[in-house]
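Structure assessment
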Amino acid sequence: QKEVEQDPGPLSVPEGAIVSLNCTYSNSAFQYFMWYRQYSRKGPELLMYTYSSGNKEDGRFTAQVDKSSKYISLFIRDSQPSDSATYLCAMRFTGGGNKLTFGTGTQLKVEL
Amino acid sequence: ETGVTQSPTHLIKTRGQQVTLRCSSQSGHNTVSWYQQALGQGPQFIFQYYREEENGRGNFPPRFSGLQFPNYSSELNVNALELDDSALYLCASSTLRGQRAKMGTQYFGPGTRLTVL
């Protein structure tokens, strides 16, 4: 079993839809949670960064962490075709030298 | 753009050969991590360098090795290439203070796509 599980999709939604992306994890020692966006043939780009449980909002993006359920989510409001990309969740322990453990990524396509 | 640069962009090698990939970290960052991303998978941690020394390693064999230079740039070397080494190799820079993470936020370069034939 992988430490971080993420549905690979693909997920196809119409423009303007609310998108929900999720990851589950098995190691309760993870404390820092991140969402990266990766366009085809590009490096991952940091979207959201949260510590421990709670919500964080940045523009159209909201990240939620539920440590009791070992479940994290990323919501995208008013989705745009430019949001079409692969979304990777990542997490790490406190300390641990910044090693990130990633999910497999969810491929999202926002259609006109 | 993150300010992290990698070279070359693409590389084709044959089995058994050796390869060196290069990374320049973002200004102000002192730590470089390397990740391997196979097609359709998330990045897998290879190792990290801080103050020119290896500071953590993932589940990769010794034929994966690295260096960090005084200007914080880094190299990833892979010996005796295998077909399964074909992947996107990502470099990420970040900041550590001492041996404890200050932020943990890593900024990725565009990657080097390695194909092993």
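I will try to describe carefully the structure that is included in this document.

What counts, and where the lines are drawn
Residues numbered from 1 in each chain as written. Chains lettered and ligands numbered in written order. Predicted model: local features only at pLDDT ≥ 70, side-chain atom pairs only at ≥ 80, totals over all residues. Heavy atoms only, no water. Pairing = 2+ DSSP bridges. Helix = DSSP H or I, 4+ residues; strand = E, 2+ residues; numbered from the N terminus. Axes fitted to C-alpha atoms, helices over the stretch in contact; angles between N-to-C directions. Disulfide = S-S within 2.5 Å. Buried < 20%, exposed > 50% of the residue type's maximum accessible area, 1.4 Å probe, protein only. Contact = heavy atoms within 4.5 Å. Buried area = accessible area lost by both parts, 1.4 Å probe. Salt bridge = Lys/Arg side-chain N within 4 Å of Asp/Glu carboxyl O. Polar contact = N/O pair within 3.5 Å; in protein donor to acceptor, adjacent residues only side chain to side chain. Nonpolar A, V, L, I, M, F, W, Y, C, P; charged D, E, K, R; others polar. Core = buried A, V, L, I, M, F, W, Y, C linked by side-chain atoms within 4.5 Å.

**A few points about the sheet that holds strand S7 (residues 64–68) of chain B**
Residues and elements named next belong to chain B. With respect to topology, four strands assemble into an open sheet ordered S1-S3-S8-S7, the strand pairing being antiparallel. Two strands close off the open sheet at either side, each with one partner strand: strand S1 (5–7) and S7. Put simply, the sheet's adjacent strands are angled 20° from each other on average, direction ignored. Two strands pair when backbone bridges link them, and S1 and strand S3 (residues 19–24) are joined in this way by three bridges, in the antiparallel orientation. Opposite glutamine 6, over in S3, you have cysteine 23 as the bridge partner.

**With respect to the state of the cysteines**
What is meant by a disulfide is a covalent connection between two cysteines, made through their sulfur atoms. All names here are of chain A. For the structure shown, the criterion picks out two disulfides over all chains. Paired by a disulfide, cysteine 23 and cysteine 89 hold their sulfur atoms 2.0 Å apart. Taking the torsion about the sulfur-sulfur bond, which here is approximately -100°, the covalent link between cysteine 23 and cysteine 89 counts as left-handed. Residue cysteine 23 is located in strand S3 (residues 19–25), and its partner cysteine 89 is located in strand S9 (residues 85–93); the two are separated by 66 residues in the primary sequence. Residue cysteine 23 shares its accessibility class with cysteine 89, and that shared class is buried.

**Side note on the interface of chain A and chain B**
At the interface, 19 residues of chain A touch 23 residues of chain B. Carbon and sulfur atoms supply 51% of the area that chain A and chain B bury against each other, a total of about 1,700 Å² over both sides. At the junction of chain A and chain B, the tally comes to zero salt bridges. For the pair chain A and chain B, the number of links is four residue pairs in polar contact (both at pLDDT 80 or more). Every element with two or more residues in the side of chain A that touches chain B is listed here: strand S4 (30–38), strand S5 (45–51) and S9 of chain A. Take the side of chain A that touches chain B: its biggest share by element is three residues, from S4(A). In the side of chain A that touches chain B, the residues fall into eight nonpolar, six polar and five charged.

**A look at unusual backbone geometry**
With an omega dihedral of 10°, the bond running from Gly9(A) to Pro10(A) counts as a cis peptide bond. Mapped onto the fold, Pro10(A) is located in the loop between strand S1 (4–6) and strand S2 (11–14). Looking along the chain, the bond that leaves Ser7(B) and enters Pro8(B) is cis, with omega of -10°. Position of Pro8(B) among the secondary structure elements: in the loop between S1 and strand S2 (10–13). In this structure, Ser52(A) takes a positive phi of about 60° despite not being glycine. Note on placement: Ser52(A) falls in the loop between S5 and strand S6 (54–58). Residue classification places Ser52(A) among the partly exposed positions, given a relative accessible area of 22%. One non-glycine residue, Lys70(A), lies in the positive phi region at around 55°. For Lys70(A), the position within the fold is in the loop between strand S7 (61–66) and strand S8 (71–76).

**Remarks on the nonpolar core**
Core analysis: the largest hydrophobic core is formed by 24 residues, its most contacted members being Trp35(A), Ile72(A), Leu74(A), Ile76(A), Tyr87(A) and Met91(A). Broken down by secondary-structure element, the contributors of at least two residues to this core are S3, S4, S5, S7, S8, S9 and strand S11 (106–111) of chain A. Once you skip the residues sitting within four places of it in the chain, Ile72(A) turns out to touch Leu21(A), Asn22(A), Cys23(A), Tyr25(A), Phe33(A), Trp35(A), Gln64(A), Val65(A), Cys89(A) and Met91(A). Core analysis: the next-biggest nonpolar cluster, separate from the first, contains 20 residues, Trp34(B), Phe60(B), Phe64(B) and Leu81(B) among them.

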